[in-house]
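Below are the chains, spelled out letter by letter.
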Amino acid sequence: MPQPTRIVLPASAKKGEVFQIKTIIQHEMESGFRRNDRGVAIPRHIITSFVVTYAGAEIFRADVFPGVAANPYFAFTTTATETGEVVFTWTDDRGDVTTERRTLTVT
Amino acid sequence: MSNEPATTSDTMLTRRALVAGGVAICLVPIASGAAQATPAEMADAIRALTGGTTVKPGRVKLVLPELAENGNIVSLSVNVDSPMTDADHVKSVHIFSEMNPITTLVRFHVSPRAGRNPTLLTNIRLADSQRVTAIAAMSDGSFWSSDANVVVTIAACIDGG
């Protein structure tokens, strides 16, 4: 099931400008190392992969482990090259995929 | 209301017991020897990444708070000193823990399009006070590292607990 996300990036940028993209996705990131009050292990449920493409080219990728905090936050930079779609894809270990798209206009 | 203080005291005891119980849930798996990475495992993981290439200190700067009040969410910033040209750029940044159950916390893959001296941010979990290491893999095959020591007041309950 897709999860709620928040993405911050400019709507437009000058060609060649380096800008920051900030992302957060709501996800429990259950580490698989915790036990409930009866001592039973709580199954792992984490985001394992986060990929960002811009106009078809990969600009950022994270391999995510249980050591990343709940509601994974990532911020990174990229260069404005052309007007195009920025696609954000989070995949978790149950095969749930969340995809978000934003259009960046390059002037 | 002569029994008022007694009631208050009972309540406080109950709350104390609850808190103690919560801590116990956290700690039981540690006592039962749940998986925890060690500095040696971190060294192994770094060797697996570098293939034995010497890791030099510098060019990458890992920033973590010196004191983390809550190990469940610790803000991490890593900055790499690189021109990010096609010929000379950072390919990936790897964050290692020597005390968490899994030594690799997160890996970032970037391209020259990240721009000069890129900074990457995320939030990590820390199971205990420890040293965290960032290793940057450069396009020329060199590896650079940066360490940060963090004192964790409330450990993330991921140590098996």
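Cut-offs applied
- Residues numbered from 1 in each chain as written.
- Chains lettered and ligands numbered in written order.
- Predicted model: local features only at pLDDT ≥ 70, side-chain atom pairs only at ≥ 80, totals over all residues.
- Contact = placed C-beta atoms within 7 Å.
- Helix = DSSP H or I, 4+ residues; strand = E, 2+ residues; numbered from the N terminus.
- Nonpolar A, V, L, I, M, F, W, Y, C, P; charged D, E, K, R; others polar.
- Pairing = 2+ DSSP bridges.
- pLDDT = per-residue confidence, 0-100.
- Buried ≥ 20, exposed ≤ 12 C-beta atoms within 10 Å, placed from the backbone.
- Axes fitted to C-alpha atoms, helices over the stretch in contact; angles between N-to-C directions.
- Expected span 1.5 Å × (residues − 1).

As for the interface of chain A and chain B
If you look at the interface, chain A gives 26 residues, while chain B gives 34 residues. Sorting the residues of the side of chain A that touches chain B by element identifies strand 5 (57-64) and strand 6 (73-79) of chain A as the ones contributing at least two each. Classifying every residue of the side of chain A that touches chain B gives 14 nonpolar, six polar and six charged. As judged from the five bridges shared by strand 5 of chain A and strand 6 (residues 104-110) of chain B, these two strands associate in the antiparallel manner. Paired with Val64(A) across the bridge in strand 6 of chain B is Val106(B).

Regarding the confidence of the model for chain B
Residue and element names in this part refer to chain B. Scored by pLDDT, chain B comes out at a mean of 83, with 75% of its residues at no less than 70. Between residues 1-13, whose pLDDT stays under 50, and residues either more than four places distant or in other chains, the model counts zero contacts. Counted against residues more than four places away or in other chains, residues 21-34, with its pLDDT under 50, gives 19 contacts. Confidence metrics for the complex model read pTM 0.84 and ipTM 0.94.

Things to note about unusual backbone geometry
Among all residues except glycine, the phi angle is most often negative; among peptide bonds, the trans geometry is most common. Of note in this structure, Ala55(A) is not a glycine but carries a positive phi near 50°. Here Ala55(A) is to be found in the loop between strand 4 (47-54) and strand 5. Here Ala55(A) falls in the partly exposed class, since 14 other C-beta atoms lie within 10 Å of it. The residue Asn117(B) is not glycine, and still its phi comes out positive at about 45°. Within the element layout of this structure, Asn117(B) appears in the loop between strand 6 and strand 7 (119-124). With 16 C-beta atoms counted inside 10 Å, the residue Asn117(B) sits in the partly exposed group.

Some remarks on the sheet that holds strand 1 (residues 5-8) of chain A
Strand order in the open sheet made by the six strands is 1(A)-3(A)-6(A)-7(B)-4(B)-2(B), with antiparallel pairing throughout. Looking at the sheet topology across the chains shown, the edges are occupied by strand 1 of chain A together with strand 2 (60-63) of chain B. Taking the axes of each pair of neighbouring strands and ignoring which way they run, one obtains an average angle of 15° across the sheet. Here strand 1 of chain A pairs with strand 3 (residues 18-25) of chain A via four bridges, running antiparallel. Bridging across to strand 3 of chain A, Arg6(A) finds its partner in Ile24(A).

With respect to the pairing of strand 5 of chain A
Sheet topology places strand 4 of chain A next to strand 5 of chain A; six bridges connect them, and they run antiparallel. Paired with Val51(A) across the strands is Arg61(A), a residue of strand 5 of chain A.

Examining helix 2 (residues 39-50) of chain B
Here helix 2 of chain B contains 12 residues, and its C-alpha end-to-end distance of 16 Å stays within 8% of the 16 Å for a straight helix at 1.5 Å per residue. Looking one or two residues past helix 2 of chain B, Gly51(B) carries a phi angle of roughly 65°, positive in sign.

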